[in-house]
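# Examining the three-dimensional arrangement
The residues making up each chain are set out below.
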Amino acid sequence: MDVQPETTPGSGGGLDRRAELSEFLRTRRARLKPEDVGLPEFGRRRVPGLRREELAQLAGVSVAYYTRLEQGNGHNVSAEVLDAIARALRLSDAEHAHLTHLAKPKQHKKKPAARSQQVRPALRHLLDAIDSVPAYVVGRRSHVLAWNRMAAALFGDWAQLPAQERNWARMVFLRPEYRELFVEWDQKAADIVGYLRLDAGCHPDDPQLSALVGELSVKSEEFRRLWAAHDVKEKSHGVKRLRHPLVGDLTLSFETFRLVDDAEQSLVTYHADPDTASAEALRLLASWGTDATRAGTTASAPTD
């Protein structure tokens, strides 16, 4: 199954990169305690975390220099200084990349506003071929671009949703059935926001992403709280527990494969360990096929 998402005009010109840089550094500093980085604890602290002068000392830069950076002025900052600050803040690889994108954004050529991401025909054929494994392609802004019948059986009949609603952020935060589907919904929600934050760092001028964040911030208190935390995360691999309305509880491992020719698209697969109840549940879903979601008998979704 596959369909391209329709492009919805964004409201405004995107996210404020300077504000994003400022808040990201502030929240990373706030999560560290002096004892975490080998500094003595002394005096009362009006705010949680390290003081600016302590962070500047750890990074080997002046307090004035770090203060300017935390105020959103990343102009002329060197990669070496960013590396030192990332080490001082104990950033993950994804967080380090996010800091670099915010402080030293790459100049991107403007693309036509109406252009949507395209899934290669060969990749769509691959999705259809691996019909015993739930698999889908996800693109920018956590948008589901293509999927196979097993993904529809496991996650729901995405073909019945309007194109712009086939978005993991909208589904997780705005559709109650996904709160029931993911046993650890809180973790799934945090992951989705982390992916969006990373996307925002790479593309702060994306009006569609800004519109999505604005919509979710208005409609979901949980999203507002997680977005304000400024946590970032890269799609990778792990384990998800699901409670499917037809086959019950499943424990599935997922893998993410970023496309070599388009780093903004990833193939995501789910599988169960052999000889487990989850493996049997997947086999049962496979035997039902699209009937599991009452999507009919056709294997391909209509294109918009």
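Our structure's up above, just so we're on the same page.
All values derive from a computational prediction rather than experimental measurement. (Residues numbered from 1 in each chain as written. Predicted model: local features only at pLDDT ≥ 70, side-chain atom pairs only at ≥ 80, totals over all residues. Heavy atoms only, no water.)

Turning to the nonpolar core, a few remarks are in order. Tyr136, Phe155, Trp158, Trp168 and Phe173 are the most contacted members of the largest nonpolar core, which has 49 residues in total. Per-element accounting of this core gives the leading share, 7 residues, to helix α10 (residues 185–202). Among all residues touching Trp158, those that are not within four sequence positions of it are Tyr136, Val144, Trp147, Ala151, Arg166, Trp168, Met171 and Tyr178. (Core = buried A, V, L, I, M, F, W, Y, C linked by side-chain atoms within 4.5 Å. Buried < 20%, exposed > 50% of the residue type's maximum accessible area, 1.4 Å probe, protein only. Helix = DSSP H or I, 4+ residues; strand = E, 2+ residues; numbered from the N terminus. Contact = heavy atoms within 4.5 Å.)

Another aspect to go through is empty space enclosed by the protein. For the coordinates displayed, the defined rule picks out 1 cavity of 30 Å³ or more. Here the largest cavity defines a volume of roughly 140 Å³. Looking at the largest cavity, it is lined by 14 residues, and the ones nearest its centre are Tyr136, Lys188, Tyr195, Lys235 and Val268. For the lining of the largest cavity, the per-class residue count stands at 8 nonpolar, 2 polar and 4 charged. (1 Å grid on protein atoms, 1.4 Å probe; cavity = no way out; pocket = protein on both sides within 12 Å on 5 of 7 lines; lining within 4 Å. Points joined across faces, edges and corners; volume = space filled by probe spheres on them. Nonpolar A, V, L, I, M, F, W, Y, C, P; charged D, E, K, R; others polar.)

Let's shift gears to the pattern of salt bridges. Applying the stated rule across the entire model yields 23 salt bridges. Between Asp191 and Lys240 there is a salt bridge; the shortest N-O distance is 2.9 Å. With a gap of 49 residues between them, Asp191 in helix α10 and Lys240 in strand β3 (residues 237–244) connect regions that are remote in the sequence. Just as Asp191 is buried, Lys240 falls in that class too. For Glu234, the salt bridge is made with Arg258, and the minimal N-O distance between the two is 2.5 Å. One end of the pair, Glu234, is in the loop between α12 (221–228) and β3; the other, Arg258, is in strand β4 (residues 248–259), and 24 residues separate them in sequence. (Salt bridge = Lys/Arg side-chain N within 4 Å of Asp/Glu carboxyl O.)

Once that is clear, we can look at the side chain of Asp199. You can see Asp199 is positioned in helix α10. In this view, Asp199 contacts Arg140, Arg141 and Leu209; residues no more than four positions away in its chain are not counted.

Attention shifts here to the packing of helix α5 (residues 93–103) against α10. In contact at an axis separation of 8 Å, α5 and α10 are set at 30° when each is read in the N-to-C sense. By crossing handedness, the relation of α5 to α10 is classed as left-handed. Contacts between α5 and α10 involve Ala94, His98, His101 and Leu102 from the former and Arg197, Leu198, Gly201 and Cys202 from the latter. For the contact of α5 with α10, the class distribution of residues is 4 nonpolar, 3 polar and 1 charged. (Axes fitted to C-alpha atoms, helices over the stretch in contact; angles between N-to-C directions. Left-handed = near helix turned anticlockwise from the far one by under 90°.)

So yeah, pure geometry; function would need other evidence.
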